[in-house]
Amino acid sequence: MFLSIVVPCFNEAESIPALVHRLSATIEPWREWAEIILVDDGSTDATWAQIEAARDIAPELVGIRLSGNRGHQVALTAGLEAARGERIFMLDADLQDPPELLPDMMHMMDRGYDVVYGRRAERQGESAFKKATAWGFYRLLNMMTDVDIPKDTGDFRLVNRRALDAVLSMPEKARFMRGMFAWAGFDQIGIDYTRAAREKGETKYPFRAMLRLALDAMTAFSTKPLRLATRLSFFSLGVSFLMGLYVIGSLVAQHVVPGWASVVLAVSFFSGVQLLTLGILGEYVGRLYLEAKARPLYFVSEEAREGTPVKLRSRAAG
Ligand code: UDP
Ligand code: MG
């Protein structure tokens, strides 16, 4: 097997026919040595039926059905673990990432790169809010982390076997795949592309999911937020010192100070600081707890590969 294509799909029934069509056309040069792995991330629509139907026209297609919705990054991991290729290409089901970029990425890899990632030079059809939060997120992430995670990249990339094996050897449960690939190192290069608008259906990343991904990314690649508590304590010490000066000053000047405003200000400021640092601690402790439980990332309920669907196999990750 030479090429594996991995696509996580959550309620993407509408996108699958076009996806399979365009992928089949793109892999033409490598058809005999290629597989297309579609991972159904516990969809509640006809995604699985569509995957099974697509296998009639594309026999190189492998369907993996997870037992429930585990999220984009875990579904991607499941597909990557099933991949047998020497080179692995991953993209979203909604065709926002053009499969037609594969030949260019292949050329880059021929030149010796281990990872060729797509960089979103332009984003079409996404809300101003999504663009702004994504823009801010990648810059904040870079400030906060010691790993150089390329800006404006998603999970759209071509990787070779050694880079993939490196990432799959990381057992963490909170999986921010693009960060893990960046951390793995090796020779990496980006290709700019225009991220098209979603063809069918709607985004599976509501604000809640974006926030969770962002927090996973921050906590997985940085402990700087933990140190924020120390910095804030210096700051609040500074503020208290100034307040002390003010109190002494007003005593000397024999002003009768009602003092209400400053007390309320101090109380609300310091309780805000405490809640913030407690919250940051909570984010890390919660993740420690998840890692400590060491549950399998996912279970496979059905697998459609070369004719026979194998029911009820479970696989532990990592
Ligand atoms: N996805 C998934 N599980 C989820 C959410 C999303 O497998 O719980 C898949 C989805 O089907 C798509 C990819 O992850 O292939 C990216 O999702 P989406 O296009 O909705 O995100 P956006 O492009 O809007 O950021
Ligand atoms: Mg999308």
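Here's what I pulled together on the structure shown here. (Residues numbered from 1 in each chain as written. Chains lettered and ligands numbered in written order. Predicted model: local features only at pLDDT ≥ 70, side-chain atom pairs only at ≥ 80, totals over all residues. Heavy atoms only, no water.)

Taking burial as the measure, the seven residues of strand β2 (residues 34-40) include seven buried ones, the bulk of the element. Neither face of β2 is open: one carries Ala 34, Ile 36, Leu 38 and Asp 40, the other Glu 35, Ile 37 and Val 39, and all of them are buried. Relative to β2, strand β1 (residues 3-9) runs parallel, the two being bridged by seven bridges. Paired with Ser 4 across the two strands is Glu 35, which belongs to β2. In terms of handedness, the path from β1 via helix α1 (residues 16-26) over to β2 forms a crossover that is right-handed. When β2 meets strand β3 (residues 61-66), the two strands line up parallel, connected through five bridges. Its bridge partner being in β3, Asp 40 is matched across the sheet by Arg 65. Taken together, β2, helix α2 (residues 47-57) and β3 constitute a β-α-β crossover, and its handedness is right-handed. (Buried < 20%, exposed > 50% of the residue type's maximum accessible area, 1.4 Å probe, protein only. Helix = DSSP H or I, 4+ residues; strand = E, 2+ residues; numbered from the N terminus. Pairing = 2+ DSSP bridges. Right-handed = clockwise from strand over helix to strand, strands pointing away.)

What follows covers the site of ligand 1. Near ligand 1 there are 19 residues, and of these Asp 41, Asp 94, Gln 96, Thr 203 and Lys 204 occur at the shortest range. At 2.6 Å, a side-chain N or O of Glu 12 approaches an oxygen atom of ligand 1. Asp 41 places a side-chain nitrogen or oxygen 2.6 Å from a nitrogen atom of ligand 1. For ligand 1, whose unbound accessible area comes to 530 Å², protein coverage reaches 93%. Those elements that place two or more of their residues in the shell around ligand 1 are β1 and α3 (72-82). The residue makeup of the shell around ligand 1, split by class, is six nonpolar, five polar and eight charged. (Near = heavy atom within 4 Å. Polar contact = N/O pair within 3.5 Å; in protein donor to acceptor, adjacent residues only side chain to side chain. Areas by Shrake-Rupley, 256 points an atom, 1.4 Å probe, with all protein chains shown as cover. Nonpolar A, V, L, I, M, F, W, Y, C, P; charged D, E, K, R; others polar.)

Let us now look at the environment of Asp 216. Positionally, Asp 216 belongs in helix α8 (residues 207-221). Separated by 61 residues in the primary sequence, Asp 216 and Asp 155 place their C-alpha atoms 15 Å from one another. If sequence neighbours within four positions are ignored, Asp 216 has contacts with Ala 174 and Arg 287. (Contact = heavy atoms within 4.5 Å.)

Turning our attention to the coordination of the magnesium ion (ligand 2). Surrounding the magnesium ion (ligand 2) are the protein donor atoms Asp 94 (OD) and Gln 96 (OE1), which sit 1.9 Å from the metal. Assessed through its relative accessible area of 4%, Asp 94 is described here as buried. Given a relative accessible area of 7%, Gln 96 falls into the buried group. (Donors = N, O, S within 2.8 Å, 3.2 Å for Na, K, Ca; no water.)

What follows deals with the packing of aromatic side chains. One pass over the structure, following the stated rule, counts six aromatic pairs. Put simply, the rings of Phe 137, Tyr 138, Phe 176 and Phe 221 pair up and form one aromatic cluster. (Phe/Tyr/Trp six-rings, centres within 6.5 Å; stacked < 30°, edge-to-face > 60°.)

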